[in-house]
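# Coordinate inspection notes
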Amino acid sequence: MSAVTADRPRYATPTRVDVTECRTDRLPDRVRANRVDGSEVHLERRGGRTFLVTRPTE
């Protein structure tokens, strides 16, 4: 039997990371850090705050 470990987390539900205070040149790094296989990453504005949202596509 072999064990395989994933180098990135897998999310079952959408996740939101507050990036309101994040500099715009750092956003691509934040996207890469929060991207997982089979997911969609986008920015979302809510009540004056900006969130990086990772949503599973499956």
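Everything in this summary refers to the structure shown in the same document. (Residues numbered from 1 in each chain as written. Predicted model: local features only at pLDDT ≥ 70, side-chain atom pairs only at ≥ 80, totals over all residues. Heavy atoms only, no water.)

## Section: the overall build of the protein chain
- The helix and strand inventory of the protein chain stands at one helix and three strands.
- Counting all 58 residues of the protein chain, 22% fall into the buried class.
- A separation threshold of at least 6 residues defines the contact pool for the protein chain, and within that pool the share at least 24 residues apart is 48%.
- As displayed, the protein chain has an accessible area near 4,600 Å², and 48% of this comes from carbon and sulfur atoms. (Helix = DSSP H or I, 4+ residues; strand = E, 2+ residues; numbered from the N terminus. Buried < 20%, exposed > 50% of the residue type's maximum accessible area, 1.4 Å probe, protein only. Contact = heavy atoms within 4.5 Å. Areas by Shrake-Rupley, 256 points an atom, 1.4 Å probe, with all protein chains shown as cover.)

## Structural notes on the environment of G48
- Structurally, the position occupied by G48 is in the loop between β2 (39-46) and β3 (49-56).
- Classification of G48 as exposed rests on a relative accessible area of 51%.
- Linking G48 and T20, residues 28 residues apart in sequence, is a C-alpha distance of 8.4 Å.

Any functional reading would require information that these geometric values do not contain.
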